[in-house]
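# A structural walkthrough
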Amino acid sequence: MLIGQILAGKGRDVVSTRPDATIAEVAKLLKARHIGAVVVLDAGGALCGIISERDLARGLGVHGAKLLDMRVSQLMTAEVVTCSPDDGLDKLMKQMTEGRFRHLPVFEDGKMVGIISIGDVVKHRLQELETEAHMLHDYIAGGA
Ligand code: AMP
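A brief look at the structure comes next.

Conventions used here
- Residues numbered from 1 in each chain as written.
- Predicted model: local features only at pLDDT ≥ 70, side-chain atom pairs only at ≥ 80, totals over all residues.
- Heavy atoms only, no water.
- Pairing = 2+ DSSP bridges.
- Helix = DSSP H or I, 4+ residues; strand = E, 2+ residues; numbered from the N terminus.
- Contact = heavy atoms within 4.5 Å.
- Axes fitted to C-alpha atoms, helices over the stretch in contact; angles between N-to-C directions.
- Core = buried A, V, L, I, M, F, W, Y, C linked by side-chain atoms within 4.5 Å.
- Buried < 20%, exposed > 50% of the residue type's maximum accessible area, 1.4 Å probe, protein only.
- Near = heavy atom within 4 Å.
- Polar contact = N/O pair within 3.5 Å; in protein donor to acceptor, adjacent residues only side chain to side chain.
- Areas by Shrake-Rupley, 256 points an atom, 1.4 Å probe, with all protein chains shown as cover.
- Nonpolar A, V, L, I, M, F, W, Y, C, P; charged D, E, K, R; others polar.

## Section: the sheet that holds strand E2 (residues 37-41)
If you walk across this open sheet you meet the 3 strands as E1-E2-E3, and the pairing is mixed. Here the strands that pair on one side only, and so sit at the sheet edges, are strand E1 (16-17) and strand E3 (47-52). With 2 bridges connecting them, E1 and E2 associate as parallel partners. Paired with Ser-16 across the strands is Val-39, a residue of E2. In the packing of helix H2 (residues 23-33) onto the sheet, contacts are made with E1, E2 and E3, and the angle to E2 comes to roughly 130°.

What follows is the structure in structure tokens.
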């Protein structure tokens, strides 16, 4: 299955924040949208980072309560790994496992067209496995 097919089902909505937003604002955004990460866009709308709940948890351990007033730019990951709608699920699973992250913005022709989380990957991989199992079952049952 290709990432473009997954996006067609889940939509292309990408929740974003700004580098100068506070961590408290990001925490509220993550809760309100029921998501684990937001991309960071600069004043021109270009991708300049990603910040996830894991950054917030680690930041709390390092900075304590003053974390809430810190800026996104102080905590975000600036080198963002992205993927393409033509990539397959296997490639994404490898990227997420090796990179130890669970979110991948999707880019097409230099434009962000969606975001894929590990939850999307697992959901669609399970569907693929179920379909394969049904096909094998039908094949065996049909041949008996
Ligand atoms: P996550 O597992 O997505 O919550 O993120 C774990 C760590 O990887 C955090 O420090 C994130 O800022 C970072 N991260 C998340 N997604 C990406 C990505 N696509 N490229 C680079 N770093 C990422």
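## Structural notes on the nonpolar core
Ranked by size, the top nonpolar core spans 14 residues in total, and within it Ile-23, Val-26, Val-38, Ile-51, Leu-56, Val-72 and Leu-75 carry the most contacts. Of all elements in the fold, only H2 and E2 reach the threshold of two or more residues within this core. Among all residues touching Val-72, those that are not within four sequence positions of it are Thr-17, Arg-18, Pro-19, Ala-21, Thr-22, Ile-23, Val-26, Val-40 and Ile-51. Membership of the second largest hydrophobic core comes to 12 residues, among which are Ile-6, Leu-104, Val-113 and Val-121.

## A closer look at the site of the ligand
Lining the immediate surroundings of the ligand are 15 residues, of which Ser-52, Asp-55, Thr-77, Arg-102 and His-103 lie closest. One nitrogen or oxygen atom from the main chain of Ile-50 is found 3.5 Å from an oxygen atom belonging to the ligand. Here His-103 contributes a side-chain N or O atom positioned 2.6 Å from an oxygen atom of the ligand. Burial of the ligand by the surrounding chains reaches 94%, relative to a free accessible area of 480 Å². When contributions to the shell around the ligand are tallied by element, the ones reaching two or more residues are E3, helix H3 (53-63) and strand E4 (103-108). Along the lines of polarity and charge, the residues of the shell around the ligand split into 6 nonpolar, 3 polar and 6 charged.

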